[in-house]
Amino acid sequence: MASFVTEVLAHSGKLEKEDLSTKLSKLCTRVEKIKGEVSEFITNKYDEFLPSMQSTEDLVFQVDGLSTDVDQLKSRIENEVSRDLHVAITEYADLKEQLEKNTVILSVLKQLQKFDSAIEEYNCAFMGKNYIAAARHLEEAQACLQQLKARKGCELKLLDALRIQLIVQTNKLICHLGEEWQQLVTWKVPPGKGHLLMEHFLKPLVRYPSLHVQTVVQSKETVLQLSCTETEVEHAAPQDVFIKLLMVLELLHKHLLDVPLEEPTKTVQEKVVLSQVLGNMIWEDLSECIIKDCLVYSIPTDSSKLEEYEEVIKTTEMFEKALKDMRFLKGDSTNLLKYAQNVNVLFASKKCQDVIVAARNLMTSEIHTTVKIAPESKVSVQKLPNPGSGDRRKTQQVSRAIQESVNLETQNKLGQHTFSLPACRISESVQKLVNLAYSTMTEATSSGNQCAIQLFYTVRHIFHLFHDVVPTYHKENLQKLPQLTAIHHNNCMYIAHHLLTLGHQFRYHLPSPLCEGAATFVDLVPGLRRLGTESFLAQMRLQKEELLGRLSSAKNFANIDVEENDIAANKALRQIIHHLKRLGSVWQDVLPVHIYCKAMGTLLNSVITEMISKITALEDISAESGDKLHTLCKTMVEEGPLIFTPLAEDNQNKRYQEEVPVFVPKWMKFKELLIVLQASLQEIVDRWTDGHGPLAVEFSPVEIKSLIRALFQNTGRRAAALSKII
């Protein structure tokens, strides 16, 4: 009866479904059991480190058997579902979901199995000193670990144990490889300096021309040595550097680095060698070192030597080819060659940089070392080639300019030195700076178009720098030392004088657009003139304050008949005269004579103007005080003009010194005051001459009346004299 019922149920499909459910339930139980055993095994092996070789094999066998059962069951379920989907889709969905869950767990178990197998194979390869295979097995284990981390729900504690195991084995391999390398290569370097190929062989060979490399072959080893010889060369030639570097790299390639890392694949037909790895590690630093410490110094600074630089380009190309042959470089690595071939841009950049450096050194050098500039002084310029040769447009422009100059010569001629800079002293450094500008412009006329444009704007940059650097760098000295202020004034005027014509002199020898009017420096002239003028005027204000400060100690010349006041007034006047003479001694040989006379006349005028103001403000001047004031003013009249006495070689400019009133506007008024202090009432009235005399030219009626009231007592004669001053 039971068998009959079973057959009926089986025929109806119900028994088979129940049988599947029963099997799936049992399968889940087995999965959970094996999952627990695997977890316990992994924990024991990689976390608690318990010996478990036998249990590993059992688990592998169980996992393989379970995998087979799962596959069979999965096949039966899918077939059954496909036939009876329209009947029992709900029942089979639960079964399939449970199966997929078990499949995921099984996949994790397989990854754990692969990880364990990779570690076991790594240990075998490591013990057999097959380090490349060992490294590959570690990579496989790393990939398994990454996949496990990517799955959600994996136990973190288990993954941490696997990660720690992987790190331990990786460090073990690296440490062992280091020990093996130390046995193969022996470094003998100074103590405490490290053990790096770049730092102790390659870079020193590039930087120090005195170093030479030697190879000594002994019985079982090859020794690489560095020796040092005396040399006066500051930077080694690229050819010599390349030879020394190749000796080192060829030796390493021959004995150590021509070793394949892995077998070529179908996609990569060429094997990877150690020299390729080393090249990837050092090439960037090495090429940068070669450029900065060698090639940059081989760039010519003169356009006439550019042809000689072709040899450097050839040797650089050969050096890179040798490195590519040894697999240190890839086919597209041409950093050095690109740098060397870009010689025109490099030449222009280096030339401009050298010019700027030289200019800054001149600007920051001492100002007080001077040279005498005469009106006939000229800057020597090399003879320039015929402008515009081969260029019809330029030739026409030059011809037109020459014709205009000829037409000017047919008219009234100006003096020989009409537009010359007057005789003065300038800093030797500024003269060199202007000469540098001329030589750079000359270099631009014989250079390529791009280089010529760069050099032209470099010259402009020089004078922009002068405007900004010199007043700042020498600020303190320019404020304290009047002589340096005068020299700085002359320097600015000297540069501005040359900038008026500098661009025009080279215009037709420069490429477009410079030859079309862009080559000019005239726009810089006002700023430089203003720079020199403002600095000198600031010094003039300081000197004026100094002089008037000394004059203030004269106590306004009041009660000068008192001995104490008389002494103070005489002392103040002597100090003023001494200060003016001392200032004149440092300015006279520096400034152009007309600038010198104008500056000293302005300061002297400030002093006598203040004296006139204080004396005319006195309300009562006794006879004795009048005599003493007369003596003081007479001293100034006698001593003041002496500051305009010309130097022995400047007698031709004596007329400037003789015409004191030209530079001292209040001079005649001061001399009239001197006369009034000793004159009688009638003499004052006579010099007034009804407002037409010399006294009336210099003084106003109010000032003369005030002086008369202060000098004379109130009498009828004084009243009569005052009535005539209108």
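Residues numbered from 1 in each chain as written. Predicted model: local features only at pLDDT ≥ 70, side-chain atom pairs only at ≥ 80, totals over all residues. Heavy atoms only, no water.

A.B. asks: Explain the overall build of the protein chain here, please?
C.D. replies: If you tally the helices and strands in the protein chain, you get 27 helices and six strands. In the protein chain, which comprises 726 residues, the share counted as buried stands at 42%. Across the protein chain, every contact between residues at least 6 apart in sequence was considered, and the portion connecting residues at least 24 apart equals 74%. Of the roughly 41,300 Å² of accessible surface on the protein chain, a fraction of 53% belongs to carbon and sulfur atoms. (Helix = DSSP H or I, 4+ residues; strand = E, 2+ residues; numbered from the N terminus. Buried < 20%, exposed > 50% of the residue type's maximum accessible area, 1.4 Å probe, protein only. Contact = heavy atoms within 4.5 Å. Areas by Shrake-Rupley, 256 points an atom, 1.4 Å probe, with all protein chains shown as cover.)

A.B. asks: Got a minute to help me understand the packing of aromatic side chains in this structure?
C.D. replies: Where two aromatic rings form a pair, the distance of their centres and the angle of their planes describe that pair. Counting across every chain of the model gives ten aromatic pairs. Arranged with centres 5.8 Å apart and planes meeting at 35°, the rings of Tyr122 and Phe126 form a pair that is tilted. One end of the pair is Tyr122 and the other is Phe126, both in helix H3 (residues 53-127) and four residues apart, which spans about a single turn. We classify Phe126 as buried; its relative accessible area is 10%. A centroid spacing of 6.2 Å and a plane angle of 55° characterise the contact between Tyr438 and Phe506, whose relative ring orientation is tilted. One end of the pair, Tyr438, is in helix H13 (residues 428-445); the other, Phe506, is in helix H16 (residues 482-506), and 68 residues separate them in sequence. Through a chain of ring-to-ring contacts, three or more aromatic side chains come together here, namely Phe456, Tyr457, Phe463 and Phe521. (Phe/Tyr/Trp six-rings, centres within 6.5 Å; stacked < 30°, edge-to-face > 60°.)

A.B. asks: Looking at this structure, how should I read the packing of helix H24 (residues 681-688) against helix H27 (residues 716-724)?
C.D. replies: Helices that pack against each other are described as a pair by the angle of their axes relative to one another and the distance between those axes. In contact at an axis separation of 10 Å, H24 and H27 are set at 5° when each is read in the N-to-C sense. When the axes of H24 and H27 are compared, the pair comes out roughly parallel. Between H24 and H27, the contacting residues are Leu681, Val685 and Trp688 on the first element and Arg717, Arg718, Ala721 and Lys724 on the second. (Axes fitted to C-alpha atoms, helices over the stretch in contact; angles between N-to-C directions. Parallel < 35°, antiparallel > 145°, perpendicular 65-115°, else oblique.)

A.B. asks: Can you walk me through helix H26 (residues 701-711) in this structure?
C.D. replies: Three or four residues apart is the spacing at which side chains of an α-helix point the same way, because the helix has 3.6 residues per turn. For H26, the full list of buried residues reads Ile704, Leu707, Ile708, Ala710 and Leu711. Seen along its axis, H26 keeps its buried residues to an arc of 165°; they face one direction. Buried residues along H26 sit against helix H19 (593-616), helix H23 (667-678), H24, helix H25 (694-698) and H27. (Arc of directions from axis to C-beta.)

A.B. asks: What am I meant to see in unusual backbone geometry here?
C.D. replies: Negative phi is the rule for most residues except glycine; trans is the rule for most peptide bonds. Phi is positive for Lys129, which is not a glycine, with a value near 60°. Classification of Lys129 as exposed rests on a relative accessible area of 56%. Backbone geometry places Thr689, a non-glycine residue, at a positive phi of 50°. With respect to the helices and strands, Thr689 occurs in the loop between H24 and H25. Under the relative-accessibility criterion, Thr689 is labelled partly exposed at 38%.

A.B. asks: Explanation requested: the confidence of the model for the protein chain in the structure shown.
C.D. replies: One rule of thumb: low pLDDT means the predicted coordinates there are not for detailed reading. Per-residue confidence for the protein chain gives a mean pLDDT of 78; residues scoring 70 or more make up 77%. Within the protein chain, helix H17 (residues 525-552) carries the highest mean pLDDT (94), whereas helix H1 (residues 2-12) carries the lowest (44). Confidence drops under pLDDT 50 across residues 8-15; counting only partners more than four residues distant or on other chains, this segment forms four contacts. (pLDDT = per-residue confidence, 0-100.)

A.B. asks: Mind showing me how you'd approach the side chain of Arg718 here?
C.D. replies: On the secondary structure map, Arg718 appears in helix H27. There is a polar contact of 2.9 Å between the side chain of Arg718 and the backbone oxygen of Phe712. Setting aside anything within four residues of it in sequence, one finds Arg718 in contact with Leu681, Ile708, Arg709, Phe712 and Gln713. (Polar contact = N/O pair within 3.5 Å; in protein donor to acceptor, adjacent residues only side chain to side chain.)

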